[in-house]
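# Breakdown of the fold
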Amino acid sequence: MMGVINMAHGEFIMCGAYVTVGLVHGGLPLPLAQLCGVIAAGLVGVLVEMTIVRRFYKRPLDSLLATWGLSLVVTQGMLILVGSSLAGIGTPEGSFKVGEYSFSTYRLVLFGGAIAALAVIYFIFMRTRFGVHARATMQNPQMAQALGVKVGRVYAISFGIGAALAGFCGALYAPTMTLIPTMGATFIVESFVTVVVGGANVLLGTAPAGALLAIIRTSLNAWEGQIIGQIGMLIAVILIIRILPEGVSGFLTRRQR
Amino acid sequence: MKFRRSLLAFASALSVTALIGAAPASAASIKIGLLEDISGDLALLGKPKLNGSQLAVEEINKAGGIMGRQIELIHLDPQGDNARYQEFARRLVNKDKVDVLIGGITSASREAIRPIMNRTDTLYIYTNQYEGGVCDAGMISNGAVPEQQFSTMIPFMVEKFGKKVYVIAADYNFGQISAEWNRKIVKDLGGTVVGEEFIPLGVSQFAQTIQNIQKAKPDWILTINVGAAQDSFFEQAAAAKLNLPMGSSIKVMLGFEHKRFAPPALNKMHAVANWFEEIDTPEAEAFKKRWHAKFPNEMYINDMGYNAYTAVYQYKMLVEAAKSTKLADIRKVIATGKACVEAPEGQVCIDPKSQHTSHRMRLIAVDEKHAVKVLKDYGVIQPYWLSEIGCDLTKKNDKKQYTPTDLPKK
């Protein structure tokens, strides 16, 4: 909607995770460190918008190349600066049992975190003044500007929110993953297909698409293991796009009419 | 992703390849071509390999080089991309005219460059432990192989923990063939493989895999997952209190997961290794001291780095005994069966029939505080499997990789 494709999104995930882990090693409690990770990613996001992304609005292909270049510079830079891996911090203690299976309690935190993120985003974009400005800007930037909306600032803050959300993802996953400069890339395939399947409307499309693909993948993982899970998910994506070219949100909005 | 990949290939074609550690060339120098990943998903493992090679080259050059000739090390970084391994191997052999090529991390990268090396007269040394079976006169393998690792560890695990094993393995030739070895050995011992899951490289989420394991109720898990992303399994399994004994041919001594993850993620991990940094013989201590003096920031000296170090000394010994860098002359030295060097682990020798290396193997276990203990010392184990199934490089060059279900035709 902003007319940019951000290939460096995985690096914001890495940023959130690295800041979190770095601060925990420095003695900060995990939730506080995670908050700092989110803020750091958001601030870096605003900075990247003001210096690089701003010049590429409505030029999706150029923006793709520029952000992807940025992604390469950042991953390689981190490799040189902080080395090939950061020591892990361990997942917070606690597990619970369901029948014969045992789960980490932290998995529930991840689950809750995802729901909370959706709720916050919904609130920001549907219930605040900034949300109205942002939606107006996405729909018609010239008209919004004519009505006194500071379009540039809306873009910067929206991009910053996007980066902060990626940082939130990294901060939440940091205790459960190997910390390497390319860790963001492991999320990219899934997020990319989720966005494509979701279609234009984030709340109506991306969230149900994420849930749908996760259910498909997890049940196939349970049935025949990870390979079938990955293959099955990608086949499902192809089928969904073939049947619903406008994605899940296109389908849902048409039903509403 | 496809798009991203093709972009990646395009960008790499544009980028200037890095030349690291190249000493000033002189006509008399011996050139070693080195292909190790120091960026990408396996950078963590490639860096100690590069360091090991650099340390050995520095020591040998200081002591007068090989037959009075200095070594020039030409390192290129293939970044974990097999196509780049091939491109760089061709470049090192054709353009730089190296005398020997060393390196490669994954078995996929080794198999990518082996056919290229086969068309040349340049020796190739592969310095990783691997799934075994390569019968190729142009290649020396100096890492441990399944008869040194699986044939020792699996019987131990079956006896100590039980006959039911679950396998999680990386989905490429190394994981697939290692799983095949496990199937054969477990079956011979009367055990069962209650589950086998192959994981695509780069996968980092294991919630469902952990449930699959809990459902199958194994006595222990064989973990031959590869790469930093897949290593997230340990953290996630520990958080879910899976708490099962684990065995592996690549964990601890190779990936130093016990140093990278907070305890007790690697609790009850077992492995059989020719090298791990916790070895405390005087030779090993001296080697570790030299290494850490040169690379004070190294987190752990892994077996790959150690093998990479030893490989340069093995090459020195071969060239000096052959008085030549030609492959045919070097192979005459190997054929004598006396191609041995004194390495930090003890004496290692190259087997003439398979051109694989003998190693002193020890079984190690990690406890809940991530301390490493040696449970068993197997002494020196020869790489016997290839010659047993009929590979004899002194008579015939098969240029093939065999597996327990793909044996040479009699």
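Residues numbered from 1 in each chain as written. Chains lettered and ligands numbered in written order. Predicted model: local features only at pLDDT ≥ 70, side-chain atom pairs only at ≥ 80, totals over all residues. Heavy atoms only, no water.

## A word on the pairing of strand β2 (residues 71-76) of chain B
Residues and elements named next belong to chain B. Where we set the bar: Any residue under 20% of the maximum accessible area for its type is buried, any over 50% is exposed, and the rest in between are partly exposed; the area is computed with a 1.4 Å probe on protein chains only. Labels follow the DSSP assignment, with helices taken as runs of H or I lasting at least four residues and strands as runs of E lasting at least two, numbered in each case from the N terminus. For two strands to pair, DSSP has to find at least two bridges joining them.
The buried count for β2 comes to 6 of 6 residues, which makes it a mostly enclosed element. Of the two faces of β2, the one carrying I71, L73 and H75 and the one carrying E72, I74 and L76 are both buried. As judged from the 6 bridges shared by strand β1 (residues 30-35) and β2, these two strands associate in the parallel manner. When the sheet's bridge partners are listed, L35 is paired in β2 with L76.

## Quick look at the pattern of salt bridges
All names here are of chain B. Note the threshold: The salt bridge definition used is simple: a Lys or Arg side-chain nitrogen within 4 Å of an Asp or Glu carboxyl oxygen.
Applying the stated criterion to the full structure yields 28 salt bridges over all chains. Put simply, E111 and R110 hold a salt bridge, and the shortest N to O gap is 2.8 Å. The salt bridge involving D392 is made with K395; its shortest N-O contact spans 3.2 Å. On the accessibility criterion, D392 (13% relative accessible area) is buried. A network of salt bridges, in which partner residues are shared, links R110, E111, R114, E131 and D136.

## Description of the environment of V341(B)
Residues and elements named next belong to chain B. As for its placement among the helices and strands, V341 is situated in strand β12 (residues 340-343). Residue classification places V341 among the buried residues on the basis of a relative accessible area of 11%. Residues V341 and A311, spaced 30 residues apart in sequence, show a C-alpha to C-alpha distance of 9.8 Å.

## Focus: the interface of chain B and chain A
To keep it simple, the criterion reads: Here, residues are in contact when the closest pair of their heavy atoms is within 4.5 Å. Accessible area, probed at 1.4 Å, shrinks when two parts are joined; the buried area is that loss added up over both. We call two N or O atoms a polar contact when they sit within 3.5 Å, provided that within protein one can donate a hydrogen and the other can accept it, with sequence-adjacent residues counted only if both atoms are side-chain atoms. Asp, Glu, Lys and Arg are counted as charged, while Ala, Val, Leu, Ile, Met, Phe, Trp, Tyr, Cys and Pro are counted as nonpolar; the rest, among them Gly, fall into the polar class.
Contacts between the two partners involve 42 residues from chain B and, on the opposite side, 45 residues from chain A. Roughly 3,500 Å² of surface becomes buried between chain B and chain A when both sides are summed, with 58% attributable to carbon and sulfur atoms. The tally of links between chain B and chain A comes to 2 salt bridges. Two residues, E93(A) and K241(B), come together in a salt bridge whose shortest N-O distance is 3.5 Å. Our count for the chain B to chain A interface comes out at 12 residue pairs in polar contact (both at pLDDT 80 or more). At 7 residues, helix α7 (residues 207-216) of chain B tops the list of elements feeding residues into the side of chain B that touches chain A. In terms of residue class, the side of chain B that touches chain A is made up of 21 nonpolar, 11 polar and 10 charged.

## Overview of the domain arrangement of chain B
Residues and elements named next belong to chain B. Which entries qualify depends on this criterion: Residue ranges for the domains originate in an automatic or database domain assignment.
Assigned domains of chain B: these are domain 1 (2-144 + 281-360 + 381-401) and domain 2 (147-273). Inter-centroid distance (C-alpha atoms) of domain 1 to domain 2 is 27 Å. Residue-level contacts link 29 residues of domain 1 with 26 residues of domain 2. Considering only the side of domain 1, the residues that lose the most area to domain 2 are Q129, E131 and Y300, jointly responsible for 27% of the buried surface there. At the junction of domain 1 and domain 2, the tally comes to 0 salt bridges. One can count 10 residue pairs in polar contact (both at pLDDT 80 or more) joining domain 1 with domain 2. Secondary-structure elements contributing two or more residues to the side of domain 1 that touches domain 2 are α2 (43-62), α4 (107-118), α12 (303-322), β14 (359-366) and α14 (385-389). Of all the elements, α4 adds the most residues to the side of domain 1 that touches domain 2, at 3 residues. Here the side of domain 1 that touches domain 2 is built from residues that sort into 14 nonpolar, 10 polar and 5 charged.

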